[in-house]
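# Structural features, examined
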Amino acid sequence: MALIATTTHRYEIGPMASWWRHRLGWAFTAVLLGIVVLAPLAYIGVSLLSPAGDGWRHIQEHLLSRYLKGTGAVVLLTMGWTTLFAVVPAWLVAAFQFPGRRALSWLLASPLAVPSYIAAIAWAGLLDFTGPIQTTLRTHLGNDAARLVPDIMNVWGVSFVLGSVLYPYVYVTTRAALLRQTATLIEAARCLGAGPSRAFLEVVLPTLRPAIVAGLALVLMESVNDYGAVHYYGVDTFTTGIFRSWLALGDVASAIRLAAVLLVVTAFALGMERLARGRQRFDDAGTTRPLSRWHLTGIRGWLATLACTTPVLAGLVIPVWMLTRWTVRTYDGIVWTEFLELTVRSVALAATAAFVVVIGGVILSYARRVKHTPLLSGITGLAGAGYAVPGAVIAVGVFSLGAVLDGLCHSTGLVPVGTLFVGGSVGALIWAYSVRFLAVGLQPIDAGFTRQGPVLDEAARTLGAGPLRALISVHAPLLRGSLAGAATLAFVDVLKELPLTLILRPFDFATLATHTYELASEEMVPASAPGALLLVGFGLVAVAVAQRGLLSRQER
Amino acid sequence: MTAVQIQGLGKVYRGGTRALHSVDLQVSEGEIVAVVGESGCGKSTLLRVVAGLEDATEGAVALFEQTVTSPAGTVPTERRGVAMVFQDHALFPHLRVHANVAFGLRGLPRSQKQARVSEALGLVGLPGLGDRYIHELSGGQRQRVALARALAPTPRIVLLDEPLSSLDERLRSALRDDILRLLRARGTTALWVTHRAEDALTVADRSVVLESGLVVQVGAPEALYHRPVSRYVARMFGPVNAIPASIAPRLGVEGAPAADGAHLVRPEALVLHPDGLFGVIAARRYRGTGYMAEITLDSGDTVLVATASAPTVGTAVGVRCRSITSAS
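Residues numbered from 1 in each chain as written. Chains lettered and ligands numbered in written order. Predicted model: local features only at pLDDT ≥ 70, side-chain atom pairs only at ≥ 80, totals over all residues. Heavy atoms only, no water.

Here the focus is the confidence of the model for chain B. Residues and elements named next belong to chain B. Model confidence for chain B is summarised by a mean pLDDT of 89, while 98% of its residues fall at 70 or above. Helix H9 (residues 248-251) is the least confidently modelled element of chain B, averaging 84 in pLDDT, while strand E3 (residues 32-36) averages 95, the highest of any element. Note on residues 324-328: pLDDT is under 50 here. Beyond four places in sequence and across chains, it has 19 contacts. For this predicted complex, the interface confidence reaches an ipTM of 0.79, while the overall pTM sits at 0.78. (pLDDT = per-residue confidence, 0-100. Helix = DSSP H or I, 4+ residues; strand = E, 2+ residues; numbered from the N terminus. Contact = heavy atoms within 4.5 Å.)

Take the domain arrangement of chain A next. Residue and element names in this part refer to chain A. Each assigned domain of chain A is listed with its residue range as follows: domain 1 (15-49 + 335-550) and domain 2 (52-326). Using only C-alpha atoms to locate each centre, domain 1 and domain 2 end up separated by 25 Å. The interface of domain 1 with domain 2 comprises 38 residues on the first partner and 40 residues on the second. Of the roughly 3700 Å² buried at the junction of domain 1 and domain 2 (both faces included), carbon and sulfur atoms supply 75%. The three residues of domain 1 that bury the most area against domain 2 are Tyr387, Tyr517 and Gln547, which together make up 15% of that side's buried surface. At the boundary of domain 1 and domain 2, one finds 0 salt bridges. At the level of elements, helix H1 (20-47), helix H16 (391-411), helix H20 (499-504), helix H21 (512-521) and helix H22 (525-554) are the ones that each hand at least two residues to the side of domain 1 that touches domain 2. (Domains from an automatic or database assignment. Buried area = accessible area lost by both parts, 1.4 Å probe. Salt bridge = Lys/Arg side-chain N within 4 Å of Asp/Glu carboxyl O.)

Residues and elements named next belong to chain B. As far as domains go, chain B holds domain 1 (2-231) and domain 2 (243-321). One C-alpha centre belongs to domain 1, the other to domain 2, and the line joining them spans 39 Å. Contacts between domain 1 and domain 2 engage 6 residues on the former and 7 residues on the latter. Summed over both partners, the interface of domain 1 with domain 2 comes to about 540 Å²; 47% of that surface belongs to carbon and sulfur atoms.

Once that is clear, we can look at the interface of chain A and chain B. Tallying the contact residues gives 39 residues for chain A and 46 residues for chain B. Contact between chain A and chain B buries roughly 4000 Å² in total, counting both sides, with carbon and sulfur atoms accounting for 62%. Inspection of the region where chain A meets chain B yields 2 salt bridges. Here B:Arg48 ties to A:Glu458 by a salt bridge, and the two come within 2.6 Å at their closest N and O atoms. The tally of links from chain A across to chain B stands at 4 residue pairs in polar contact (both at pLDDT 80 or more). Those elements that place two or more of their residues in the side of chain A that touches chain B are H1, helix H18 (454-462) and helix H19 (467-496) of chain A. Looking at the side of chain A that touches chain B, the element that brings in the most residues is H18(A), giving 7 residues. A class-by-class count of the residues in the side of chain A that touches chain B yields 21 nonpolar, 10 polar and 8 charged. (Polar contact = N/O pair within 3.5 Å; in protein donor to acceptor, adjacent residues only side chain to side chain. Nonpolar A, V, L, I, M, F, W, Y, C, P; charged D, E, K, R; others polar.)

In this section: the sheet that holds strand E15 (residues 291-297) of chain B. Residues and elements named next belong to chain B. Spatially, 4 strands are ordered E16-E15-E14-E17 in an open sheet, and the strand pairing comes out antiparallel. Single-partner strands in this sheet number two, and they are strand E16 (302-307) and strand E17 (316-321). Geometrically, the sheet is characterised by an average inter-axis angle of 55 degrees between neighbouring strands, direction not taken into account. Taken together, the 6 bridges between E15 and E16 define a ladder with antiparallel strand orientation. Paired with Ile295 across the two strands is Val303, which belongs to E16. (Pairing = 2+ DSSP bridges. Axes fitted to C-alpha atoms, helices over the stretch in contact; angles between N-to-C directions.)

Here it is as structure tokens:
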């Protein structure tokens, strides 16, 4: 028998590890990164110590309760709509066969591509006095019929619009949980004589609760963060209050205080979610079988189709239809060079931010894997919390801290006085995007790492590969899908981000999002449509990419 | 030369669970040592500390007389030159078989690498499967690839963590014999963690028995089987009778009792004999090579006796010790 030992390639035993080699290099880098991400938020906390002005007293007496009620109502109503739009379709799509199921399974997630302020503009345009519905009713049935069209420029309307574009967060998490769920549970229920509805109510729904709540947590963050839709519909919330104090009144101290109150409220709500989740864990057994679907035929099949089509109509088809109508009307007026410049600038900005987010996410996630310390877990957890912080709050933090850093740069003579190095630059914008969207990247990357058991790292180590080589030649190829997903989601989130960009952008610097919103606010709604349509287009690409990753693994 | 020297090794996990208590062990070059014990006894932890996948809380590990784990610091796993075969293979799912095997051969010229890979695959009986992806292989094939991957860089020490436990019975023994053959042919030192008596007895030069993180006995298979120091050790390697000192003389059991005072006697060491202690056959089990009779003695104790022919339940028999094989 030929023996391998005849060739001489022996493992040699190496020296003891230095502290850097001993996995601390990764931890150190990650902590540094965490500090950069958390500094703007910490600065807001510190700023609270500065004395409040008269503005804050006025807000406390007259506006605070209104903001609180506004945000509360918007958030609760939106969560109601999202649950309605998401849970039943997710169950139908996962457990039944009916006409159009495959396409709808995909399409149901697509309203994620429509920024809330764009949906808000489109729905307002659809239902207002000069909109297609009222006009049609007036011409055919007279003024009285047209007056029956509900007014949606209020808290009910804005919640419906937010719900129709945010429900995919709940839909996606719920469907993923349904697909991950082992068929055995439902088969057991069926063998015990339970029909579809009883199996759903008594077996499936309880196990879906963590997924639904996780999706609702995202909805909560997004609806708290929203500025464009609520402002357009004239509803006062914390976010509009921050804008008013910061931009209209120049009252930084009040803006920071409002931001702090909002942070506390959001943190409380998310803390409740954690508490509710308690000891529930996703039990990712490797040997799950997909559900075998019940066949719905005849009228019941078509009812299922209808139930799944409605959310897609509300969140995607109707807004896109309105935007297309306007675009067709204003097509000749488009200044192409300007439009192209705007597009290129927005894409470049979003791509840079997405790159930063992915690199940051990999470093944070991998450092925790290489050397697990409580400090590191804490920092990664906190760094991921940026997503829960409304964009307006982050923008205020980055801007104020940037001003301090600029002051330092000037006093040390690094940068000539009068130039802005950090504050109000594109760099600050990317910094703020990274703070806000790090979690968007971190989450899929973390999930990707978790799917790879620690034994792969151990195998790589015993074969002589250190952390860096293991990352490059083992984890990265296996994470490809997660990385692409993280990059795409971050890219689109940055592209459509409105409140943060509005506050932090350099003078005269417009992106597709700000340009679109400004035109719409200035009563030039049709002119805003081409940009809006383009944003939706980018969003659809992102949804497609994200979904392909999800579906190819879990459903075929 | 001493290949593995473990001294006073202790391990407490975060959260306070103690996995190892001052473990001492010395393994000579070329020796194959089985690490046995119930699940949770610390045997995997011991292996992982030797591999450097876990740090120790106390004590030191030296490989070939070079300290790799000590209070002063550790050599990272990737620089220890130990290979490991994992329970569930731990093959890289995105790489083909040949790339998996070549993973540890970094720094070799391409031609040598290829030669080494095909040699390793030939050794484990899988020539020509290099282009397959991992998911295209059966469980037994996967474990063979894992073995080839571990052996390809010619490690001086191989650590095996229950390498056979994911395989069915027939594959187990075939692969066990193959692994043993390869390790012996190359004079590789091995620590082999298993919870199966059969593996430990057939594979190892010596076995270490761990109980709750403590080494309770180290020795050759024959010694562990016939002269276990405690019931725990005895039960690891097969059924055993714990015979109280009160009836031991009447059964003809000689020698010193185990720590708790009982004499540990294997069923094969007892025979049915009219000149023994009387009892009634309460039950019998067929076990392929013969029968196992469960006998309730007149003293009230129950003993197991291995018999060649089928005993009849309900008959009165006499039981006595075959020879002088009892506890130590």
